[in-house]
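Below are the chains, spelled out letter by letter.
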Amino acid sequence: MIALGPFVLESILGRGGMAVVWRARHQEQGDPVAVKVLTSDGARNPLFFKTFRSEARGAAGLDHPGIVSVYDHGLVDDAADEASAGTLLSGSPYLVMEIAGPGTLTRHKGRLAWPELQGVLLGLLDALAHAHARGVVHRDIKPANVLVGDDGTVKLTDF
């Protein structure tokens, strides 16, 4: 068992260039969450660390149905480093977010009919307008940063 603060990591949801996203659960409440942890390469790179911190600050101030909610953040402690057999690096930052959608827009690329695509685009534009009105700019809009729910809802992540 790997614990990060009040959360227990369960399985890896995905990997990116500088982080790994885990499915996790709040230990007391049992609520499912996603926990994004900087990898060892990212944690040692000051630019990645700065970008991650900026994402946490910017996203935490947003409250929109088309943007993934940020709940908590922290640093990997020595116990989590040890429990993960070095997979998690002590001192690496992590971000706790809502679980949204079983996958990204990438898996739908080239497969959406215009009415569906139009709905996705309008949802994303609305979410971006919300962020921009609060001074937050998403600098990496791509299909992999758009989560799609089973019901077709879209949520922007990775600010």
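Above this text sits the structure in question.
Residues numbered from 1 in each chain as written. Predicted model: local features only at pLDDT ≥ 70, side-chain atom pairs only at ≥ 80, totals over all residues. Heavy atoms only, no water.

Student: What exactly am I supposed to notice about a nonpolar patch on the surface here?
Tutor: Together, Trp114, Leu117 and Leu121 make up an exposed nonpolar region whose accessible area comes to about 290 Å². On the accessibility criterion, leucine 121 (38% relative accessible area) is partly exposed. (Patch = residues over 30% accessible without salt bridge, like charges linked within 9 Å, V, L, I, M, F, W, Y side chains within 5 Å. Areas by Shrake-Rupley, 256 points an atom, 1.4 Å probe, with all protein chains shown as cover. Salt bridge = Lys/Arg side-chain N within 4 Å of Asp/Glu carboxyl O. Buried < 20%, exposed > 50% of the residue type's maximum accessible area, 1.4 Å probe, protein only.)

Student: Is there a simple way to think about the pattern of salt bridges in this case?
Tutor: With the rule as written, the count across this model stands at 4 salt bridges. The partner of lysine 36 in a salt bridge is aspartate 158, and the shortest N-O contact between them spans 2.1 Å. With a gap of 122 residues between them, lysine 36 in strand β4 (residues 32-38) and aspartate 158 in the segment after β9 (154-156) connect regions that are remote in the sequence. Judged by its relative accessible area of 6%, lysine 36 falls in the buried class. In this structure, aspartate 140 and lysine 142 form a salt bridge, with 3.4 Å as the shortest nitrogen-oxygen distance. You can call aspartate 140 partly exposed: its relative accessible area is 33%. (Helix = DSSP H or I, 4+ residues; strand = E, 2+ residues; numbered from the N terminus.)

Student: Before we go on, may I ask you to explain the sheet that holds strand β8 (residues 146-148) in this structure?
Tutor: Taken together, the 3 strands give an open sheet; going across it, the order is β7-β8-β9, and neighbouring strands pair in antiparallel fashion. Each edge of the open sheet carries a strand with a single partner, namely β7 (103-104) and β9. Where β8 lies against β9, 3 bridges are found, and the strand directions are antiparallel. Looking across to β9, one finds that valine 148 is bridged to valine 154. Where helix α4 (residues 114-133) meets the sheet, its contacts fall on β8 and β9, and the angle it forms with β9 comes to roughly 35 degrees. (Pairing = 2+ DSSP bridges. Contact = heavy atoms within 4.5 Å. Axes fitted to C-alpha atoms, helices over the stretch in contact; angles between N-to-C directions.)

Student: Teacher, can you tell me more about the sheet that holds strand β6 (residues 93-97) here?
Tutor: Hydrogen bonds along the backbone pair up the strands of a sheet, which may run parallel or antiparallel. One open sheet holds the 6 strands; their spatial order is β1-β2-β3-β4-β6-β5, and the pairing between them is antiparallel. With one partner strand each, in any of the chains shown, β1 (2-4) and β5 (70-75) form the two edges of the open sheet. With strand direction ignored, the average angle separating the axes of adjacent strands in the sheet is 40 degrees. By the bridge criterion, 3 bridges tie β1 to strand β2 (residues 7-15) in an arrangement that is antiparallel.

Student: Sorry if this is basic, but what is going on with unusual backbone geometry here?
Tutor: Across residues other than glycine, the phi torsion is negative in most instances, and most of the peptide bonds are trans. Phi is positive for alanine 85, which is not a glycine, with a value near 55 degrees. As for its position among the elements, alanine 85 is in the loop between α3 (78-83) and β6.

Student: Is there a simple way to think about empty space enclosed by the protein in this case?
Tutor: Unfilled space is identified by rolling a water-sized probe across the atoms. Under the defined criterion, the tally for this structure stands at 1 cavity of 30 Å³ or more. In this structure, the largest cavity spans a volume of roughly 50 Å³. Contributing to the lining of the largest cavity are Glu55, Ala59, Ile67, Val68, Val70, Leu95, Met97, Leu156, Thr157, Asp158 and Phe159. Mapped by element, the contributors of at least two residues to the lining of the largest cavity are α2 (46-60) and β6. Looking at the lining of the largest cavity residue by residue, the class counts come to 8 nonpolar, 1 polar and 2 charged. (1 Å grid on protein atoms, 1.4 Å probe; cavity = no way out; pocket = protein on both sides within 12 Å on 5 of 7 lines; lining within 4 Å. Points joined across faces, edges and corners; volume = space filled by probe spheres on them. Nonpolar A, V, L, I, M, F, W, Y, C, P; charged D, E, K, R; others polar.)

Student: Please explain α4 as it appears in this structure.
Tutor: Spacing of three or four residues puts side chains on the same side of an α-helix, whose turn is 3.6 residues. Look at α4: 28 Å from first C-alpha to last across 20 residues, which is about the 28 Å you get at 1.5 Å a residue. All of the buried residues in α4 are Val120, Leu124, Ala127, Leu128, His130 and Ala131. Angular distribution of buried residues about the axis of α4 spans 155 degrees; they occupy a single face of the element. Among the exposed residues of α4, those oriented more than 90 degrees off its buried face are Trp114, Pro115, Leu122, Leu125 and Ala133. Immediately beyond the C-terminal end of α4, within one or two residues, lies glycine 135, with a positive phi of roughly 80 degrees. (Expected span 1.5 Å × (residues − 1). Arc of directions from axis to C-beta.)

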